[in-house]
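Coordinate analysis (summary)
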Amino acid sequence: MRGGPVLERRRARAGRLFVAPNLAAILVFMLFPLGFSLYLSFHSWDLFSPPRFVGVANYRRLFSADPLFYIALRNTAVFTILTLVPTVAVSLAVAGLLNRKLRGVGVFRTVAFLPLVASTVAMAVVFRFIFASDDGLANILLGRLGLGPVPWLTDPQWAMVSLSLVTVWKSVPFATVILLAAMQGVPENLYEAAKIDGANAWRRFRSITIPLIRGALSFVLVITVINSVQAFDQAYALTGSNGGPETGTYVLGIMLFQNAFRFYEVGYACALAWVIFAILLAFTLIQQWLARRAEAEL
């Protein structure tokens, strides 16, 4: 009996030793940067001179004295909508097709998931050549169809559409993986009972599949919005560091990059980062509340 408590203490001590490196990594690479960025958001710092405390001046300037913030916020909202709706719709369709028991469906699953392993920057560079105004593949194909060239990257509105298309192409495989995994967990007997009752494929998908994968669908919505609001690398590689043409793709990620690493206003950039965090936190909480309310009504 005496060996029992001693053995438990040894096991507990060994467990703490095993998790200590992970906890240290979280502290050094996550908690400390978060706390330091919050500290810097109340300071003015240019990376060279010591930080100077300015209180809420950075936040006041962001909301009342910087018109570029509202341009970036509007562009990010438009970009999020243009990315979210096609990503969810295409992912649902692709996951529904891949969920069928057909011969050779494994090959199609592999092809559908290939964009998931591609580098975002490399992908954006490739699409930059595809969307070239004169000799880009997209305009060449449109010309063969008898359509005029499209200013994909030279017109502000088309540049936003191009950025959204690239992001959707990159986001669909991940969302498809999540939704397909959820669809494969739906009991098959529900579909068989619906077939006996005369429900067609669309009715089965709408009345059985969608309600039973609502949790995965909610997760895809949240992750897609978070990735869209935080978008930077594809915008930087596709349209440059200025968010051009004009301010067509000037999203919050580009604004954050410019203030931190071009203008060396690190405190102001940290304030912007925490505003982005607050926006995403509010959206996530609202989405979770709506998801729980919808599940309670089932």
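What comes next concerns the included structure. The shown structure was predicted, so the numbers you read here are calculated from the model rather than taken from an experiment.

1. Description of helix α9 (residues 201-212)
- For α9, which comprises 12 residues, the first-to-last C-alpha distance of 16 Å matches the rise-based estimate of 16 Å (1.5 Å per residue) to within 8%.
- Buried within α9 are the following residues: Arg204, Ile208 and Thr209. For α9, the buried positions fall inside an angular range of 85 degrees around the axis, keeping them on one side.
- Tucked inside the fold, the buried residues of α9 contact α7 (156-183) and α8 (188-196).

2. Describing a nonpolar patch on the surface
- Together, Phe18, Val19, Leu23, Ile26, Leu27, Val28, Phe29, Met30, Leu31 and Leu34 line one region of the surface with nonpolar side chains, adding up to about 1000 Å² of accessible area.
- Assignment of secondary structure puts Met30 in helix α1 (residues 3-40).
- The class of Met30 is partly exposed, set by a relative accessible area of 48%.

3. Considering the pattern of salt bridges
- By the definition in use, this model includes 1 salt bridge.
- Of the charged contacts in the structure, one is a salt bridge between Glu265 and Arg61, with a shortest N-O distance of 2.8 Å. With a gap of 204 residues between them, Glu265 in the loop between α12 (252-262) and α13 (266-297) and Arg61 in helix α2 (residues 57-64) connect regions that are remote in the sequence.
- Accessibility expressed as a relative area gives 27% for Glu265, which makes it partly exposed.
- What makes Arg61 partly exposed here is its relative accessible area of 33%.

The rules behind the values
- Residues numbered from 1 in each chain as written.
- Predicted model: local features only at pLDDT ≥ 70, side-chain atom pairs only at ≥ 80, totals over all residues.
- Heavy atoms only, no water.
- Helix = DSSP H or I, 4+ residues; strand = E, 2+ residues; numbered from the N terminus.
- Expected span 1.5 Å × (residues − 1).
- Buried < 20%, exposed > 50% of the residue type's maximum accessible area, 1.4 Å probe, protein only.
- Arc of directions from axis to C-beta.
- Contact = heavy atoms within 4.5 Å.
- Patch = residues over 30% accessible without salt bridge, like charges linked within 9 Å, V, L, I, M, F, W, Y side chains within 5 Å.
- Areas by Shrake-Rupley, 256 points an atom, 1.4 Å probe, with all protein chains shown as cover.
- Salt bridge = Lys/Arg side-chain N within 4 Å of Asp/Glu carboxyl O.

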